[in-house]
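# Structure assessment
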Amino acid sequence: MPSPRKRRGEPVDVAREVALDVLRAVRERDAYANLVLPKLLRERKISGRDAAFATELTYGACRSQGQLDAVIAACAGRPVGEIDGPILDILRLGVYQLLRTRTSAHAAVDTSVDLARAEFGQGRAGFVNAVLRRAGEKTAEQWVTELAPADPVGKLAFEYAHPTWIAQSFADALGAQAGELSDLLAADDERPVVHLVARPGEITSEELALVTGGEEGRWSPYAVYLDGGDPGQLEPVREGIAAVQDEGSQLVALALSRAPLEGPDQGRWLDLCAGPGGKAALLGALAAIDLFTVDAVEPSEHRAELVRKSTRDLPVTVHVQDGRDTGLEPGYDRILVDAPCTGLGALRRRPESRWRRTPADVPELVTLQRELLTAAWDLLRPGGVVVYSTCSPHLSETLAVVADFVRRTGAEQLDTRELLPGVTDLGEGPSAQLWPHRHGTDAMFLSALRKK
Ligand SMILES: C[S@@+](CC[C@H](N)C(=O)[O-])C[C@H]1O[C@@H](n2cnc3c(N)ncnc32)[C@H](O)[C@@H]1O
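What you see is a predicted model, and the numbers here were worked out from it, not measured in a lab. (Residues numbered from 1 in each chain as written. Predicted model: local features only at pLDDT ≥ 70, side-chain atom pairs only at ≥ 80, totals over all residues. Heavy atoms only, no water.)

### Regarding the domain arrangement of the chain
Domain boundaries assigned for the chain yield domain 1 (6-141), domain 2 (149-188), domain 3 (194-244) and domain 4 (247-450). The C-alpha centroid of domain 3 is placed 36 Å from the C-alpha centroid of domain 1. (Domains from an automatic or database assignment.)

### Section: the pairing of strand β8 (residues 293-297)
Across the 5 residues that make up β8, a large majority, 4, are buried. In terms of strand pairing, strand β7 (residues 268-271) meets β8 through 4 bridges, oriented parallel. Among the inter-strand pairings, L270 is bridged to a residue of β8, identified as D295. A crossover connection joins β7 to the parallel β8 through helix α15 (residues 278-289); in handedness this β-α-β unit is right-handed. (Buried < 20%, exposed > 50% of the residue type's maximum accessible area, 1.4 Å probe, protein only. Helix = DSSP H or I, 4+ residues; strand = E, 2+ residues; numbered from the N terminus. Pairing = 2+ DSSP bridges. Right-handed = clockwise from strand over helix to strand, strands pointing away.)

### With respect to the UniProt feature "domain: SAM-dependent MTase RsmB/NOP-type" (unreviewed entry) in the chain
Mapped onto the present numbering, the UniProt feature "domain: SAM-dependent MTase RsmB/NOP-type" (unreviewed entry) falls on residues 170-452. For residues 170-452, helix accounts for 35% and strand for 19%, while the C-alpha atoms at its two ends are 33 Å apart. (UniProt positions renumbered as here; feature names shortened; annotations may be inferred.)

### Thoughts on the site of the ligand
The ligand sits among 19 residues. The nearest are G275, E298, R303, G323 and D338. Contacts to the ligand include E298, whose side-chain N or O atom sits 2.7 Å from an oxygen atom. D338 places a polar side-chain atom, nitrogen or oxygen, 2.7 Å from a nitrogen atom of the ligand. Coverage of the ligand by the protein chains reaches 85% of its 600 Å² of free accessible surface. Put simply, the parts of the chain that give the shell around the ligand at least two residues each are α15 and α18 (361-379). Its residues assigned to classes, the shell around the ligand comprises 9 nonpolar, 4 polar and 6 charged. (Near = heavy atom within 4 Å. Polar contact = N/O pair within 3.5 Å; in protein donor to acceptor, adjacent residues only side chain to side chain. Areas by Shrake-Rupley, 256 points an atom, 1.4 Å probe, with all protein chains shown as cover. Nonpolar A, V, L, I, M, F, W, Y, C, P; charged D, E, K, R; others polar.)

### Focus: helix α6 (residues 105-120)
The first and last C-alpha atoms of α6 sit 22 Å apart over 16 residues, in line with the 22 Å expected at 1.5 Å per residue. All buried positions along α6 are accounted for by A108, V109, T111, S112, V113, D114, L115 and A116. At the exit of α6 stands G121, carrying a positive phi of roughly 90°. (Expected span 1.5 Å × (residues − 1).)

### Structural notes on the layout of surface pockets
If you add up the space inside the second largest pocket, you get close to 450 Å³. What lines the second largest pocket is a set of 26 residues, and nearest its centre among them are A173, L399, L426, G427 and E428. Where the lining of the second largest pocket is concerned, the elements lending two or more residues are α10 (164-174), α19 (399-409) and β13 (432-433). Looking at the lining of the second largest pocket residue by residue, the classes come out as 13 nonpolar, 8 polar and 5 charged. (1 Å grid on protein atoms, 1.4 Å probe; cavity = no way out; pocket = protein on both sides within 12 Å on 5 of 7 lines; lining within 4 Å. Points joined across faces, edges and corners; volume = space filled by probe spheres on them.)

If you want it as structure tokens, here you go:
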């Protein structure tokens, strides 16, 4: 995308301009910031400090949108829905800099006014100037005090720029530990450390850490933490003997492979919701060690292709099917149902997603989750184990799905925490819940169910 705004033949400000273009793409065409930004940085040859600043502005403004909008509405004297989208983007970027970065107020206001003037002329630039000057009259803390709801969860949600319903769902899932909510919300705003998985049988985590300059993971025997850089450029990743994968996801695949079966493992494993294939690849590598096989089901052709790529050279067969009606032969020993979900446990990876999801998304997903779990059960042999997992801690998608399922089928709930030896603070059991602020992973939920 060419840079549209010029002042005296020069771009207004490369970092802010690229951030603004990403905010616009996110607002206008539901784009994903973490896909659009790297592409624009590459196209415009922006690197070093400019790229780092553009990244902070873009992801920060996306994450804090609800809080920024409340301040903008208060300063503009009208709801943000009544402000033209492109001007709102400029205001969000400006208020973000004023309240949540060390940028000087002068620079935050002037560069925003420049952006507005370059594209929309003097009149709109005056509006931007007036709103931002008002926003800059108070600190972030003062705005929180003035605008946050009075109830404790609503206040924390506002302070950490999360929708209240999401903060409430986290508090519900934390249960007796709801006092950890502020730590959790803060962890949700941090840029996650990159986790690599060392493919079993190909390279150890110790070797991978040595080659990449990373650090061996805390919980998964295959995890390596990277400080920064582009993991796609690393030799082991390019060779396919390592991949980017959250450590929590590694633990889910591991838990399935470790679950105690009744009777011997005949080596038929199934991943019922496989795309894009991270867990299928780890399951495939573990299965390969014992000459077992994995079937991987994914209804989207595009995502099935990603599974094929990530499981190349592994004993994994990809089926482009709906998991509720696969046509596969029953009798599997181990089945993973890594169900489609709201993704509320992985918000740190998708800056804008917390403002896109709504409570109305939950019931439809819960229906699908229940149907997929039931389909998996029909494909499981007696004595076999299903692991049900979500990258959401929302109780409707986690404990409620499992409780309803156990009631309907009489499934035996295994103590899932025992399948993750050495991992602490997984909750009261028998299911296990990982948390960003406790484990440094996505908030993955998992529950192991054995068929009698
Ligand atoms: C949470 S993701 C799975 C992530 C994957 N296990 C991994 O580790 O890479 C859920 C997947 O379920 C797929 N899906 C959606 N509807 C499905 C259905 N009816 N049957 C099976 N899979 C479905 C989605 O396309 C998506 O790829």
